Number of protein chains: 2
Amino acid sequence: MSVKIKDVARAAGVSVTSVSRVLNNGDHVSEKLEKKVRRAIEELNYSPSLIAKSLKRNKTNLIGVIIPDITSNFQAMILSLIEEIAGRRGYNLLVSNIVEDTDKVVKYLNIYQEMRVDGIVLMHEKLNEDIRLFLNKTQIPVVVHADFGMNLPTVIIDDFQAGYDATSYLIAQGHREIAMIAGDKRDVCAGLRRIEGYAAACRDHGIMIEEALIRHGDYKLASGYRLMAELLREAQGRFSAVFAASDDMAAGAVNCIQDHGLHVPGDISVIGFDGSQIAEIMRPRLTTIKQPVDRISECTVDLLLEMIEEQGVAKSKGKMKTIVLSHELLEQGSCRSIET
Amino acid sequence: MSVKIKDVARAAGVSVTSVSRVLNNGDHVSEKLEKKVRRAIEELNYSPSLIAKSLKRNKTNLIGVIIPDITSNFQAMILSLIEEIAGRRGYNLLVSNIVEDTDKVVKYLNIYQEMRVDGIVLMHEKLNEDIRLFLNKTQIPVVVHADFGMNLPTVIIDDFQAGYDATSYLIAQGHREIAMIAGDKRDVCAGLRRIEGYAAACRDHGIMIEEALIRHGDYKLASGYRLMAELLREAQGRFSAVFAASDDMAAGAVNCIQDHGLHVPGDISVIGFDGSQIAEIMRPRLTTIKQPVDRISECTVDLLLEMIEEQGVAKSKGKMKTIVLSHELLEQGSCRSIET
DNA sequence: CTGAAAGCGCTTACAG
DNA sequence: CTGAAAGCGCTTACAG
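Residue positions are counted from 1 within each chain, in the order its sequence is given. Key to labels: chains lettered from A, ligands numbered from 1, both in the order written. For this predicted model, a pLDDT threshold of at least 70 governs which residues receive local features, and a threshold of 80 or more governs which side-chain atom pairs are given and counted, while totals over whole chains, interfaces and linings are taken from all residues. Side-chain numbers here rest on the full set of heavy atoms in the structure, without hydrogens or water.

Visitor: Help me understand the overall build of chain A in this model?
Guide: Across its full length, chain A carries 13 helices and 12 strands. With respect to the principal axes defined by its C-alpha atoms, chain A has extents near 85 × 40 × 30 Å. Buried, partly exposed and exposed residues are distinguished by accessible area as a fraction of the type maximum, computed with a 1.4 Å probe on protein chains only: under 20%, between the cut-offs, and over 50%, respectively. Residues counted as buried form 56% of the 340 residues belonging to chain A. The contact criterion used is simple: two residues touch if any of their non-hydrogen atoms lie within 4.5 Å. A separation of at least 24 residues holds for 72% of the contacts in chain A among residues at least 6 apart in sequence. Carbon and sulfur atoms make up 49% of the accessible area of chain A, which amounts to about 14700 Å² in all. Each charge sign in chain A was given a centre, from 41 positive and 46 negative side chains, and these centres are 10 Å apart. A run of DSSP states H or I qualifies as a helix once it reaches four residues; a run of E qualifies as a strand once it reaches two. Both are numbered from the N-terminal end. The Shrake-Rupley method, run with a 1.4 Å probe sphere, supplies the accessible areas, and residue values consider only the shown protein chains as cover. By the counting scheme adopted, Arg and Lys are positive, Glu and Asp are negative, and His together with the chain ends is not counted. Lys charges are placed at NZ, Arg charges at CZ, Asp charges at CG and Glu charges at CD.

Visitor: Could you clarify how one ought to interpret the relation of the copies chain A and chain B in this entry?
Guide: The transformation that overlays chain A on chain B combines an axial shift of 0.0 Å with a rotation of 180°, and the residual RMSD is 0.0 Å. Such a turn and shift between the copies fits a two-fold axis. Taking the C-alpha atom as reference, chain A places Leu94 of chain A closest to the rotation axis, 2.2 Å from it. Counting the interface residues of chain A, we find that 100% of their copies in chain B are interface residues as well, pointing to one common contact surface. To line up the copies, we fit them by least squares on C-alpha atoms, keeping just the residues with pLDDT of at least 70 in both.

Visitor: How should I be thinking about the pattern of salt bridges in this particular structure?
Guide: Pairing is possible between side chains that carry opposite charge, provided their charged atoms lie close to one another. The rule for a salt bridge is simple: a side-chain nitrogen of Lys or Arg has to be within 4 Å of a carboxyl oxygen of Asp or Glu. Applying the stated criterion across every chain, the model contains 44 salt bridges over all chains. The salt bridge involving Arg283 of chain B is made with Asp259 of chain A; its shortest N-O contact spans 3.0 Å. Note that Arg283 of chain B is positioned in the loop between α12 (277–281) and β10 (287–290) and Asp259 of chain A in helix α11 (residues 247–259), a pairing that runs across two chains. With relative accessibility at 22%, the residue Arg283 of chain B sits in the partly exposed group. When the shortest N-O distance is used, the salt bridge between Arg295 of chain A and Glu298 of chain A registers 3.1 Å. Residue Arg295 of chain A and its partner Glu298 of chain A are both found in helix α13 (residues 293–313); the two are separated by 3 residues, about one turn of the helix. When its relative accessible area of 39% is taken as the criterion, Arg295 of chain A is described as partly exposed. Residue classification places Glu298 of chain A among the partly exposed residues on the basis of a relative accessible area of 33%. Within the structure, one salt-bridge network assembled from shared partners comprises Arg215, Arg226, Glu230, Arg233 and Glu234 of chain A.

Visitor: Could you clarify how one ought to interpret the pairing of β10 of chain B in this entry?
Guide: Every other side chain in a regular strand lies on the same face of the sheet, so the side chains alternate between the two faces. All names here are of chain B. A pair of strands is labelled paired if DSSP reports no fewer than 2 bridges between them. Taken together, the 4 bridges between strand β9 (residues 269–274) and β10 define a ladder with parallel strand orientation. Directly across from Gly272, in β10, lies its bridge partner Thr288. Judged from the 3 bridges that link them, β10 and strand β12 (residues 328–330) form a sheet pairing that is antiparallel. Following the sheet pairing, Thr288 is matched in β12 by Leu330.

Laid out in structure tokens, this is it:
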């Protein structure tokens, strides 16, 4: 049915070896041979099979990406940058958007392994026994976006420090009653670490931590709205500021506050996290912890490709890098300073 | 280096045929043979190569998706739904996010073809000669999201009617001076068709179309902001309402209007397009044309898989379906009726 | 129920 | 510079 290298060879009157050579333009071939081959390819509309090539070369030029939520602007940003950078370097992306289902994560890790992807980017931050096992066993280079404490190549920011900075900023503005719309504690970085940073900042400034002021969401807008509604219902007047672990949740919180007839930052100050597009859209714009999406994406691809391309040279499982990138506090209009 | 089916066969003391059989659990194998094989697989930590399998079976279970902008919430929504639905049916997604570069589109179409994906979803709406040629020649099932007038399987809404509806709605609210923040005319549906719908509605209601009130953007927030700034600078007072061809542009327009100290809908009414999350986030919420993202995604996957799975039975290139889904006008707070 | 062998479409030493 | 042949890791008639 479809035309294969043998057909091209026959049409051009040369060997398949020669066709392969002009296709991969490595070794020298004579001009007229090349011309004959190119013409045959053209005429037969030949499309070489990367499947066969991958099998033979033991290399697919595929990178698998497992991402929790593409509809989050922050994650979409990273995905699109990774796609672009990897694309320029000859790699294509296999992507799985896995919402909240840890079992599906290992299912897809295994599929990627069976597909013989050259590398994997894992953006999920929740570990279970199966995932841990996979990461320990697999021969495939994996870059993770969370500190799992298991000596894996990692690209992250310092979420503890970032949580600390956000909270300290609010404190410096005179706030002493600060609620937190946090993530899931099982998320190592975006969840747990940011909460720890918040708690440490409170502690360091002699502020009692009130459990009732800490709520846990899923980083999405709707949960920010819902949790803020709870806070207003159950604790109104007991906090003057809120630290949200994502811009989406911060935006949901702002919407909720405004829908209750209150003002941001007049009545309640809100600080977000990520520095995604939504921070610019909101009015007031969100003050937020900006993550360096471009650096995160670059470093992720660089690190992964370095491992992939090194593999031939030496299976240097030894030098596992952890790259910690710096965040930045972006001061916009959603926080105000209050008299102490 | 890595363990292959032959190693498993040897370890289990059976033939590779038998190992293959238990792997694909089709034909009957005796319980004890199966047990031996499973144990060997377990012990050797065997991961079968989908590459080899694909080559043999001539099927990759891969779908290539070419998408203009993942960071658009609307498109991210569709992508994530397609991923989920296709995933449930055993297909994985190869995705390329190609911003505005038509040459790259055909480059990736060719790569997908070489990778022998089972099907392709093309979301770009701009055609060039190379793309047209590819679509005409390829044997791979492709579903497109725009009416290219070339008898391809298509899933769309009626963008003309939707543009007509949006504009008529504004007219029914008493507006007679309506600006449009449109897309690129070379985008067959989201661009051209929506503009034609706008123009037809104006015409049908005896409204002169003023070219200066039609601006062309790229569907993103920033361009909506910029174009609205232009409109305010060059034509303020000459329009009381704006129809934007995407919610993102509508949001940018609203931001711009508000940043100029004006009010939506008090001073200017704005209607958007897509029904994406941003329409819910804005205050006021955006009145918008809501596209049925779930239906679009479902139909896309259904149609594509139908073609893929039919191929064996009959190469029914004949019955090319075009599925037109219905949109809906979602009335929220960004338009007001004015006295005529 | 089980196995030996051909073949999927390429690449790559090896020899000339 | 060019080609014949082995082999990548599977599946699948075919035979028993």
